[in-house]
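A look at the structure
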Amino acid sequence: QVQLVESGGGLVQPGGSLRLSCAASGIIFSDYTMGWYRQAPGKQRELVATISPGGYTLYTSSVKGRFTISRDNAKNTMYLQMNSLKPEDTAVYYCAARQEYWGQGTQVTVSS
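A brief report on the enclosed structure follows. (Residues numbered from 1 in each chain as written. Predicted model: local features only at pLDDT ≥ 70, side-chain atom pairs only at ≥ 80, totals over all residues. Heavy atoms only, no water.)

**Looking at unusual backbone geometry**
Backbone phi values are negative for most residues with the exception of glycine, while trans is the configuration of most peptide bonds. Within the chain, Arg 98 stands out as a residue other than glycine whose phi angle is a positive 55°. Position of Arg 98 relative to the elements: it lies in the loop between β9 (91-97) and β10 (101-102). By relative accessible area, which is 41% here, Arg 98 ends up partly exposed. (Helix = DSSP H or I, 4+ residues; strand = E, 2+ residues; numbered from the N terminus. Buried < 20%, exposed > 50% of the residue type's maximum accessible area, 1.4 Å probe, protein only.)

**Digging into the nonpolar core**
Grouped together as the largest cluster of nonpolar side chains are 28 residues, with contacts concentrated most on Met 34, Trp 36, Met 78, Leu 80, Met 82 and Tyr 93. Only β3 (18-25), β4 (34-39), β5 (46-51), β7 (67-72), β8 (77-82), β9 and β11 (106-110) provide two or more residues apiece to this core. Not counting the four nearest positions on each side in its chain, Met 82 is found in contact with Gly 16, Ser 17, Leu 18, Leu 20, Arg 66, Phe 67, Tyr 93 and Val 108. (Core = buried A, V, L, I, M, F, W, Y, C linked by side-chain atoms within 4.5 Å. Contact = heavy atoms within 4.5 Å.)

Have a look at this one:
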């Protein structure tokens, strides 16, 4: 049984930081390209960042220079370090394994 469990969301002020984690089980984690996606109210789900098994990363333009995706294959865990957060980053953040498997999501709210 595949499980992806996100954690680390919450309420933060503009300019603040959060670190999301995605713990995976039931897959050979090191074989999978992993990704973070987000969905804001009334909007479609969008890609935030991906990381290949070898550590190659891609970011959507709106988060470049502010967010950092990483992975620890020994811990079967992926991370998203989010700095300089903006209100428009408010969304439910999902992790995905090769877009085959999805987590349940974690809410990130950026507001003063």
